[in-house]
Amino acid sequence: MSNDARSAAPDAPRLEYFATITAHVAVPIELGEMPGGAQRIIPITGGTLSGPDADGTILPGGADHQVLRSSTTTQLLARYAIETDDGDRIAVENIGVRNGSEADIATLVAGGTVPSERIYFRCFPRLTGSGRWTWLSDRLFVGTGTRHPDRVEVDVFMVA
(Lines give C-alpha, C1' and ligand atoms only; values in the text may rest on other atoms or scores of the structure.)
Protein backbone atom coordinates (compact mmCIF):
# COMPACT_ATOMS: atom_id res chain seq x y z
CA MET A 1 0.00 0.00 0.00
CA SER A 2 1.35 3.43 -0.87
CA ASN A 3 1.76 6.24 1.67
CA ASP A 4 -0.87 8.24 -0.25
CA ALA A 5 -3.44 5.45 0.17
CA ARG A 6 -2.74 5.20 3.91
CA SER A 7 -3.01 8.95 4.46
CA ALA A 8 -6.35 9.05 2.59
CA ALA A 9 -7.93 6.40 4.84
CA PRO A 10 -10.10 7.81 7.65
CA ASP A 11 -8.86 7.44 11.21
CA ALA A 12 -10.49 4.66 13.18
CA PRO A 13 -13.14 6.13 15.49
CA ARG A 14 -13.04 5.73 19.28
CA LEU A 15 -16.03 3.57 20.15
CA GLU A 16 -17.78 2.99 23.48
CA TYR A 17 -19.99 -0.10 23.83
CA PHE A 18 -23.62 0.89 24.41
CA ALA A 19 -25.81 -2.21 24.09
CA THR A 20 -26.70 -5.27 22.06
CA ILE A 21 -29.84 -5.26 19.93
CA THR A 22 -31.58 -8.52 19.08
CA ALA A 23 -34.36 -7.89 16.56
CA HIS A 24 -36.71 -10.75 15.69
CA VAL A 25 -37.76 -10.76 12.04
CA ALA A 26 -40.49 -12.41 9.96
CA VAL A 27 -40.28 -13.99 6.51
CA PRO A 28 -39.05 -11.45 3.92
CA ILE A 29 -41.52 -9.94 1.46
CA GLU A 30 -39.96 -9.81 -2.01
CA LEU A 31 -40.80 -6.60 -3.92
CA GLY A 32 -38.95 -7.50 -7.11
CA GLU A 33 -36.63 -5.46 -9.32
CA MET A 34 -36.46 -1.70 -8.79
CA PRO A 35 -34.19 0.92 -10.43
CA GLY A 36 -31.52 0.45 -7.71
CA GLY A 37 -31.71 -3.35 -7.74
CA ALA A 38 -33.92 -6.04 -6.23
CA GLN A 39 -35.83 -4.95 -3.11
CA ARG A 40 -37.36 -6.79 -0.19
CA ILE A 41 -38.85 -5.89 3.19
CA ILE A 42 -38.19 -7.91 6.33
CA PRO A 43 -40.78 -7.12 9.03
CA ILE A 44 -39.34 -6.60 12.52
CA THR A 45 -41.65 -8.39 14.96
CA GLY A 46 -40.00 -7.41 18.26
CA GLY A 47 -36.77 -7.85 20.15
CA THR A 48 -34.62 -6.48 22.94
CA LEU A 49 -32.02 -3.84 23.76
CA SER A 50 -29.62 -4.98 26.46
CA GLY A 51 -26.60 -3.13 27.82
CA PRO A 52 -24.89 -1.98 31.01
CA ASP A 53 -26.96 1.22 31.20
CA ALA A 54 -29.77 0.58 28.71
CA ASP A 55 -32.46 -2.08 28.59
CA GLY A 56 -35.62 -2.07 26.55
CA THR A 57 -37.97 -3.75 24.12
CA ILE A 58 -38.16 -3.29 20.36
CA LEU A 59 -41.76 -2.58 19.49
CA PRO A 60 -43.22 -4.71 16.69
CA GLY A 61 -44.19 -3.04 13.44
CA GLY A 62 -40.86 -1.81 12.10
CA ALA A 63 -39.41 -2.91 8.78
CA ASP A 64 -35.91 -3.59 7.52
CA HIS A 65 -35.90 -2.48 3.86
CA GLN A 66 -33.13 -4.13 1.88
CA VAL A 67 -31.95 -2.93 -1.49
CA LEU A 68 -29.70 -5.42 -3.25
CA ARG A 69 -27.26 -3.23 -5.19
CA SER A 70 -25.38 -6.26 -6.49
CA SER A 71 -25.04 -9.94 -5.76
CA THR A 72 -22.39 -9.16 -3.10
CA THR A 73 -23.55 -5.92 -1.43
CA THR A 74 -26.84 -5.19 0.32
CA GLN A 75 -27.90 -1.77 1.55
CA LEU A 76 -30.15 -1.78 4.62
CA LEU A 77 -32.63 0.73 5.98
CA ALA A 78 -34.21 -0.37 9.27
CA ARG A 79 -36.80 1.69 11.16
CA TYR A 80 -38.07 0.67 14.57
CA ALA A 81 -38.87 1.99 18.03
CA ILE A 82 -37.46 0.93 21.40
CA GLU A 83 -39.37 1.29 24.65
CA THR A 84 -36.86 1.54 27.49
CA ASP A 85 -37.43 -0.06 30.87
CA ASP A 86 -38.07 3.39 32.33
CA GLY A 87 -40.89 4.04 29.84
CA ASP A 88 -39.19 6.28 27.26
CA ARG A 89 -39.58 5.60 23.54
CA ILE A 90 -36.61 5.93 21.21
CA ALA A 91 -37.09 6.12 17.43
CA VAL A 92 -34.23 4.53 15.49
CA GLU A 93 -33.36 4.56 11.81
CA ASN A 94 -30.33 2.46 10.89
CA ILE A 95 -28.60 3.00 7.55
CA GLY A 96 -26.11 0.31 6.74
CA VAL A 97 -24.69 -2.31 4.45
CA ARG A 98 -23.75 -5.97 4.50
CA ASN A 99 -20.59 -7.70 3.22
CA GLY A 100 -16.63 -6.25 4.23
CA SER A 101 -14.08 -5.63 7.01
CA GLU A 102 -14.08 -3.92 10.40
CA ALA A 103 -11.84 -1.16 9.01
CA ASP A 104 -14.85 -0.02 6.95
CA ILE A 105 -16.63 1.23 10.07
CA ALA A 106 -14.58 4.47 9.99
CA THR A 107 -15.96 5.14 6.53
CA LEU A 108 -19.48 4.55 7.84
CA VAL A 109 -18.88 7.00 10.69
CA ALA A 110 -17.83 9.56 8.08
CA GLY A 111 -21.11 8.98 6.20
CA GLY A 112 -19.71 6.89 3.34
CA THR A 113 -20.88 3.51 2.11
CA VAL A 114 -18.75 0.40 2.33
CA PRO A 115 -18.98 -3.15 1.06
CA SER A 116 -18.95 -5.54 4.09
CA GLU A 117 -19.08 -9.19 5.31
CA ARG A 118 -21.40 -8.55 8.19
CA ILE A 119 -23.98 -5.89 8.92
CA TYR A 120 -22.64 -2.40 9.53
CA PHE A 121 -24.86 0.55 10.34
CA ARG A 122 -24.82 4.14 11.50
CA CYS A 123 -27.71 5.98 13.13
CA PHE A 124 -28.78 9.06 15.05
CA PRO A 125 -31.56 7.84 17.38
CA ARG A 126 -34.06 10.33 18.78
CA LEU A 127 -36.35 10.33 21.75
CA THR A 128 -40.05 10.69 20.97
CA GLY A 129 -41.11 12.98 23.81
CA SER A 130 -39.04 14.12 26.77
CA GLY A 131 -37.19 11.92 29.20
CA ARG A 132 -33.78 10.85 30.38
CA TRP A 133 -32.67 9.62 26.91
CA THR A 134 -32.81 13.00 25.12
CA TRP A 135 -28.99 13.03 24.90
CA LEU A 136 -29.21 10.21 22.35
CA SER A 137 -30.23 12.67 19.64
CA ASP A 138 -26.83 14.36 19.81
CA ARG A 139 -24.78 11.17 19.41
CA LEU A 140 -23.76 9.06 16.45
CA PHE A 141 -24.08 5.31 16.94
CA VAL A 142 -22.55 2.57 14.82
CA GLY A 143 -22.84 -1.15 14.99
CA THR A 144 -21.76 -4.41 13.51
CA GLY A 145 -23.52 -7.72 13.75
CA THR A 146 -24.92 -10.78 12.06
CA ARG A 147 -28.19 -11.76 10.44
CA HIS A 148 -29.79 -15.11 11.21
CA PRO A 149 -32.94 -16.51 9.57
CA ASP A 150 -35.20 -15.41 12.45
CA ARG A 151 -33.27 -12.53 14.04
CA VAL A 152 -30.57 -9.89 13.69
CA GLU A 153 -27.98 -9.46 16.49
CA VAL A 154 -26.05 -6.19 16.53
CA ASP A 155 -23.53 -4.73 18.97
CA VAL A 156 -24.07 -0.96 19.18
CA PHE A 157 -21.28 1.54 19.95
CA MET A 158 -21.36 5.28 20.63
CA VAL A 159 -18.82 7.24 18.61
CA ALA A 160 -16.81 9.16 21.20
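From a predicted model like this one, the values you see are computed outputs, not experimental measurements.

Conventions we followed
Residues numbered from 1 in each chain as written. Predicted model: local features only at pLDDT ≥ 70, side-chain atom pairs only at ≥ 80, totals over all residues. Heavy atoms only, no water. Helix = DSSP H or I, 4+ residues; strand = E, 2+ residues; numbered from the N terminus. Buried < 20%, exposed > 50% of the residue type's maximum accessible area, 1.4 Å probe, protein only. Areas by Shrake-Rupley, 256 points an atom, 1.4 Å probe, with all protein chains shown as cover. Salt bridge = Lys/Arg side-chain N within 4 Å of Asp/Glu carboxyl O. Phe/Tyr/Trp six-rings, centres within 6.5 Å; stacked < 30°, edge-to-face > 60°. Core = buried A, V, L, I, M, F, W, Y, C linked by side-chain atoms within 4.5 Å.

Asker: Account for the overall build of the protein chain, with residues named and values stated.
Answerer: Each helix and strand in the protein chain was counted, giving two helices and ten strands. Each helix (α) and strand (β) of the protein chain, taken in turn from the N terminus, gives the series α-β-β-β-β-β-β-α-β-β-β-β. For the protein chain, the proportion of its 160 residues judged to be buried stands at 41%. Total accessible area on the protein chain stands at roughly 8500 Å², and carbon and sulfur atoms take up 53% of it.

Asker: Describe in detail the pattern of salt bridges, supporting the description with residues and values.
Answerer: What the rule picks out here adds up to seven salt bridges. Close ionic contact of Glu 16 with Arg 14 constitutes a salt bridge, the shortest N to O distance being 3.8 Å. For the salt bridge of Glu 93 with Arg 79, the shortest nitrogen-to-oxygen distance reads 2.7 Å. In this pair, Glu 93 is assigned in strand β6 (residues 89-100) and Arg 79 in strand β5 (residues 74-84), connecting sequence segments 14 residues apart.

Asker: Could you give me a rundown of the packing of aromatic side chains, with the residues and numbers involved?
Answerer: Across all of its chains, the model carries five aromatic pairs by this definition. With 5.9 Å between their ring centres and 75 degrees between their planes, Tyr 17 and Phe 157 make a pair best called edge-to-face. Of this pair, Tyr 17 sits in strand β1 (residues 15-25) while Phe 157 sits in strand β10 (residues 151-159), and the two are 140 residues apart along the sequence. Judged by centre distance (5.1 Å) and plane angle (70 degrees), the rings of Phe 18 and Phe 141 are edge-to-face. Of the two residues, Phe 18 is situated in strand β1 and Phe 141 in strand β9 (residues 141-147); the sequence distance between them amounts to 123 residues. The same class applies to Phe 18 and to Phe 141, which are both buried.

Asker: Hey, could you go over the nonpolar core for me, with residue numbers and the actual values?
Answerer: In summary, soluble globular proteins display a tendency toward joint burial of nonpolar side chains. Of all hydrophobic cores here, the largest spans 25 residues; its most connected members are Phe 18, Tyr 80 and Ile 82. Per-element accounting of this core gives the leading share, five residues, to β1.

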